[in-house]
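One letter stands for each residue in the lines below.
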Amino acid sequence: MQNGVFISFEGSEGSGKSTQIDRLASFLDQQGHSVIVTREPGGTEIGEEIRHLLKHSASGKEMCPETELLLFAASRAQLVRQVVEPALKEGKVILCDRFLDSTTVYQGVARKLSKDPVTMINNFAVGNLMPHLTIVLDVPAEVGLNRIRHRVTDLPDRMEKENIKFYELVRDGYLMLAKSIPDRFVVLDGTASVEAVEQQIRDALDKRLA
Ligand code: TMP
């Protein structure tokens, strides 16, 4: 029996997900909810090691798209069983920075892996567990890339070194996916002010999860 709420955040690099997740977590916390913030890839010890391999490890340079797909799925399988399912059973609110839709879009649409294996592997990794609500922060590819390139900390990781065409495919992929599953997705304009986006997220929660 699951009583908690599972919300995933999606969008390309530089869309402002982390900022908005932090703000929403504080807001929900003040309202008395028990909130867990987690991320993909990562969120567990195993997942964080996989994250390192996917993003920062020198050995990642040789990685083929099929391996990439399976590593993202492996991190997700662990997160679902170790963190998300138990938290849902305890009635918590889980805010997850990316979930299976990232795989559909990055590995399926942008890396152009065939749809059927991507769907099958996604389903195997999550079991029956799907977010109750998925918020996409939509920004044009060049806006997102500019934001990450002007970051003071962190050099670009393996994924962030992709070209603008890749990120245009990512953006289109999210918009198409959201259109095909309107009951679960809300798309918000990530170029609006931080405060405006924050308010729109709260409104979406009120409306969709009342
Ligand atoms: P981020 O946590 O800083 O957004 O980095 C995660 C990177 O991994 C980002 O480039 C998106 C990418 N990604 C995929 O390609 N597929 C996935 O399934 C997930 C979860 C992330």
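Read on for an overview of the structure.

The tally for this structure, following the rule as stated, stands at 14 salt bridges. Asp-97 serves as the salt-bridge partner of Lys-17, at 2.8 Å between the closest nitrogen and oxygen. Within this pair, whereas Lys-17 is found in helix H1 (residues 17-30), its partner Asp-97 is found in strand E3 (residues 93-97), the two being separated by 80 residues in sequence. Across the pair, Asp-97 and Lys-17 agree in class, each one buried. Look at the salt bridges and you will find they share partners, linking Glu-68, Arg-111, Arg-158 and Glu-162 into a network.

What follows is about the site of the ligand. Not every one of the 14 residues close to the ligand is listed here, only the nearest: Glu-13, Lys-55, Arg-98, Thr-103 and Gln-107. Measuring from a nitrogen atom of the ligand, one finds a side-chain N or O atom of Gln-107 at 2.8 Å. Contact with the protein chains removes 93% of the 480 Å² of surface that the ligand exposes when unbound. If you map the ligand onto the pockets, it falls in the largest pocket. Mapped by element, the contributors of at least two residues to the shell around the ligand are helix H2 (45-55), helix H3 (65-89) and helix H4 (100-110). For the shell around the ligand, the element with the most residues is H4, which contributes four residues. When grouped by side-chain class, the residues that make up the shell around the ligand number four nonpolar, three polar and seven charged.

Moving on, we get to the packing of aromatic side chains. In this structure the tally under the stated criterion is four aromatic pairs. Measuring from ring centre to ring centre gives 4.9 Å for Phe-6 and Phe-99, while their planes differ by 85°; the resulting arrangement is edge-to-face. Here the residue Phe-6 occupies a position in strand E1 (residues 5-10), and Phe-99 occupies one in the loop between E3 and H4, the gap between them amounting to 93 residues. For the pair Phe-6 and Phe-99, a shared accessibility class is recorded, and that class is buried. Relative to Tyr-174, the ring of Tyr-106 lies with its centre 6.4 Å away and its plane at 75°, an arrangement referred to as edge-to-face. Of this pair, Tyr-106 sits in helix H4 while Tyr-174 sits in helix H7 (residues 164-180), and the two are 68 residues apart along the sequence. Members of the aromatic cluster, joined through ring pairs, are Tyr-106, Phe-166, Tyr-167 and Tyr-174. Between the NZ or CZ atom of Arg-76 and the centre of the ring of Phe-99, over which it lies, the distance is 5.7 Å. The ring centre of Phe-27 lies 3.7 Å from the NZ or CZ of Arg-202, which sits over that ring.

Reading guide: rules and limits
- Residues numbered from 1 in each chain as written.
- Predicted model: local features only at pLDDT ≥ 70, side-chain atom pairs only at ≥ 80, totals over all residues.
- Heavy atoms only, no water.
- Salt bridge = Lys/Arg side-chain N within 4 Å of Asp/Glu carboxyl O.
- Helix = DSSP H or I, 4+ residues; strand = E, 2+ residues; numbered from the N terminus.
- Buried < 20%, exposed > 50% of the residue type's maximum accessible area, 1.4 Å probe, protein only.
- Near = heavy atom within 4 Å.
- Polar contact = N/O pair within 3.5 Å; in protein donor to acceptor, adjacent residues only side chain to side chain.
- Areas by Shrake-Rupley, 256 points an atom, 1.4 Å probe, with all protein chains shown as cover.
- 1 Å grid on protein atoms, 1.4 Å probe; cavity = no way out; pocket = protein on both sides within 12 Å on 5 of 7 lines; lining within 4 Å.
- Sits in = over half its atoms within 2 Å of the grid points.
- Nonpolar A, V, L, I, M, F, W, Y, C, P; charged D, E, K, R; others polar.
- Phe/Tyr/Trp six-rings, centres within 6.5 Å; stacked < 30°, edge-to-face > 60°.
- Lys NZ or Arg CZ within 6 Å of the ring centre and 35° of its normal.

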